[in-house]
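Architecture at a glance
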Amino acid sequence: AKFMTDLSKLRASNNDAAFYESLCNVLRQASVEWCDMEDLTEFMDDQLAPLETAIDNFRGASEASSGAHTPHVRDVGRLMFRNFCLLDSHVFRPLCLAAYALVHEA
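I will try to describe carefully the structure that is included in this document. (Residues numbered from 1 in each chain as written. Predicted model: local features only at pLDDT ≥ 70, side-chain atom pairs only at ≥ 80, totals over all residues. Heavy atoms only, no water.)

Side note on the nonpolar core
The condition is simple: Take the buried residues of types Ala, Val, Leu, Ile, Met, Phe, Trp, Tyr and Cys, join any two whose side-chain atoms come within 4.5 Å, and each joined set is a nonpolar core. Using a 1.4 Å probe on the protein chains alone, a residue whose accessible area is under 20% of its type maximum counts as buried, one over 50% counts as exposed, and one in between counts as partly exposed. In DSSP terms, a helix is any run of H or I states spanning at least four residues, a strand is any run of E spanning at least two, and both are numbered starting from the N terminus.
Core analysis: the biggest nonpolar cluster contains 5 residues, these being Phe19, Tyr20, Leu23, Ala98 and Ala101. Every element with two or more residues in this core is listed here: α2 (17-47) and α5 (92-105). It is α2 that provides the largest number of residues to this core, a total of 3 residues.

So this is what it looks like as structure tokens:
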């Protein structure tokens, strides 16, 4: 709660190094989580390559007649990360505020 309160006070008076270090840490951790998720989906993509090929073949055969789309594992992983880890959590606002504060001060 204190972190959110500090982030919402984006004023010139917040020039202490610890505050900006905490902003960098939030963005750094979000980047680490994204990279971990990408590694997981790459592993899953490798394991499910035959299924992905079958999906691609089926999609190619029925694409003209159908508007349905079967997403790849990597696409699903990215959508899940975006929807559940960023947008549908308490992380989204602090992450946006941290990015804005750092860009605003640069």
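A short note on the side chain of threonine 41
Keep this limit in mind: Working rule for contacts: check all heavy atoms of both residues, and any pair within 4.5 Å makes them a contact.
Along the chain, threonine 41 falls in helix α2. Discounting residues that sit within four places of it in the chain, threonine 41 has contacts with Val73, Arg74 and Gly77.

Some remarks on helix α4 (residues 73-87)
A turn of α-helix holds 3.6 residues, and therefore any two residues three or four places apart point the same way. Put simply, the rule reads: Expected helix span is taken as 1.5 Å per residue step, with the number of steps being one fewer than the number of residues.
When the terminal C-alpha atoms of α4 are compared, their 20 Å separation across 15 residues agrees well with the 21 Å that a helix rising 1.5 Å per residue should span. Among the residues of α4, those classed as buried are Val73, Gly77 and Phe81.

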